[in-house]
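Overview (structure and organization)
Read off the chains here:
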Amino acid sequence: MKKFTGIYPALLTPFDHAGNLNAVALEKVIEHNINKGVRGFYVGGSTGEFLLLSMEERKELLVLVTAIVSKRVDIIVNIGAFATEHTIDLARHAESLDVAAISAVPPFYFKFNLSEYLNFYADIAKAVSLPMVIYNIPVLTGVHLDQKALEQLFAIEHVVGMKHTSYDLHQMQRIIEKFPDTSVFGGHDELFLPAYSLGARAAIGSTFNFMAEKFITLEKLFIAGEMEKALILQGEINKIVEVLTEIGVFKGVKAALRFQGIDCGECRKPFMPLSLAEEEKWHKTLEKYC
Ligand code: MN9
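Residues numbered from 1 in each chain as written. Predicted model: local features only at pLDDT ≥ 70, side-chain atom pairs only at ≥ 80, totals over all residues. Heavy atoms only, no water.

1. Quick look at the overall build of the protein chain
A tally of regular secondary structure across the protein chain gives twelve helices and eight strands. Computed over C-alpha atoms, the radius of gyration of the protein chain comes to 18 Å, within 12% of the 19 Å expected from 2.2 N^0.38 for 290 residues, which places it in the range of a compact globule. With the C-alpha coordinates aligned to their principal axes, the bounding extent of the protein chain is approximately 50 × 45 × 35 Å. Nonlocal contacts in the protein chain, meaning residues at least 24 apart in sequence, comprise 71% of its contacts between residues at least 6 apart. Accessible area for the protein chain stands at about 12,900 Å²; split by element, carbon and sulfur atoms hold 56% of it. The positive charge centre, built from 29 side chains, and the negative charge centre, built from 35, are 2 Å apart in the protein chain. (Helix = DSSP H or I, 4+ residues; strand = E, 2+ residues; numbered from the N terminus. Rg over C-alpha atoms; globule rule 2.2 N^0.38 Å. Contact = heavy atoms within 4.5 Å. Areas by Shrake-Rupley, 256 points an atom, 1.4 Å probe, with all protein chains shown as cover. Lys, Arg positive; Asp, Glu negative; His and termini not counted. Charge placed at Lys NZ, Arg CZ, Asp CG, Glu CD.)

And the structure:
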């Protein structure tokens, strides 16, 4: 089983001024991050605004990303959709391209029972041979998988890990302990250090799009046992995350890249652009801590 380690930006989806996928900006963001030393990209996740993309655009995005990356680093793609059938359609498409793993949020909105969640992942595993990274993000899906449920999911063939975007690190630690060969990705940038302290050795994050170098340094400090320095750096990162979550993560990520010279457009409606005051506050915060 492949062990994923290191820093994986939850890649944003750039749009042009007409609101279409912007391949030029996409390439810039990807190259910028490969040069910094990221291990791969998590494509079409929350930061990638996947629920605001059509099925065709999700496929097109993956075609673009795989072509740009050209096997230099890993690609993990979120194929989660409401219906199993649609998810499998995206999974099959992913299988025809160079991806290291697929990932899926559990189906949400309707309240499914545990057998239905288990079947969802088992059906995908039957349809394609790609490894699966479960996307656990209860704050957005409203799907709260308890320890027993997660353990049953991890028993499914092809499940090789989880993107754990949850503040419940005790749950994460118990999964890592029980399934040591799998890869559990820390999913909250502000909890990078605590997640590593509890056994995570990889992370997926939205702020990595514009400050991957900070997390690469943080990982090095952790490995070297320089915990005091690591804590200071995590503290600086958290000042950034605090303002980012206040103004809106995805809009903030796009604005940060714009400040760095890469125009990724706006988030899709119903998201609204940042107000001038928000933009100013964000700019000041990045100038101070980034
Ligand atoms: O990809 C991201 N999760 C969401 C992971 O955006 C929902 C995180 O990087 C958070 O944006 C970040 C702020 O809470 O940790």
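2. Some points on the site of the ligand
Taken together, 17 residues sit near the ligand, with K163, H188, D189, E190 and S206 positioned nearest. Residue composition of the shell around the ligand, by class: seven nonpolar, seven polar and three charged. (Near = heavy atom within 4 Å. Nonpolar A, V, L, I, M, F, W, Y, C, P; charged D, E, K, R; others polar.)

3. What about the side chain of H164?
Inspection of the secondary structure puts H164 in strand 6 (residues 159-164). With sequence-adjacent residues up to four places away left out, H164 is seen in contact with N136, L169, Q171, M172, V184, F185, G186, G187 and H188.

4. Points about the packing of aromatic side chains
Here the distance between the centres and the angle between the planes together describe a pair of aromatic rings. Under the criterion given, the structure shown has 16 aromatic pairs. Ring geometry for Y109 against F110: centres 5.3 Å apart, planes inclined by 75°, an arrangement best described as edge-to-face. Neither Y109 nor F110 differs from the other in exposure class; each is exposed. For the pair F110 and F112, a centre-to-centre distance of 6.2 Å together with 80° between the ring planes defines the contact as edge-to-face. Take F112: its relative accessible area is 28%, and that puts it in the partly exposed class. Positioned above the aromatic ring of F4 is the side chain of K2, whose terminal nitrogen or guanidinium carbon lies 5.1 Å from the ring centre. Above the plane of the ring of Y42 lies K163, whose end atom (NZ or CZ) is 5.3 Å from the centre. (Phe/Tyr/Trp six-rings, centres within 6.5 Å; stacked < 30°, edge-to-face > 60°. Buried < 20%, exposed > 50% of the residue type's maximum accessible area, 1.4 Å probe, protein only. Lys NZ or Arg CZ within 6 Å of the ring centre and 35° of its normal.)

5. A closer look at helix 3 (residues 84-95)
Across its twelve residues, helix 3 extends 16 Å between first and last C-alpha, which sits within 8% of the 16 Å expected from 1.5 Å per residue. Three or more residues of helix 3 are buried, namely T87, I88, L90, A91, H93 and A94. The inward-facing, buried residues of helix 3 abut helix 2 (55-69), strand 3 (74-78), strand 4 (101-104) and helix 4 (114-127). (Expected span 1.5 Å × (residues − 1).)

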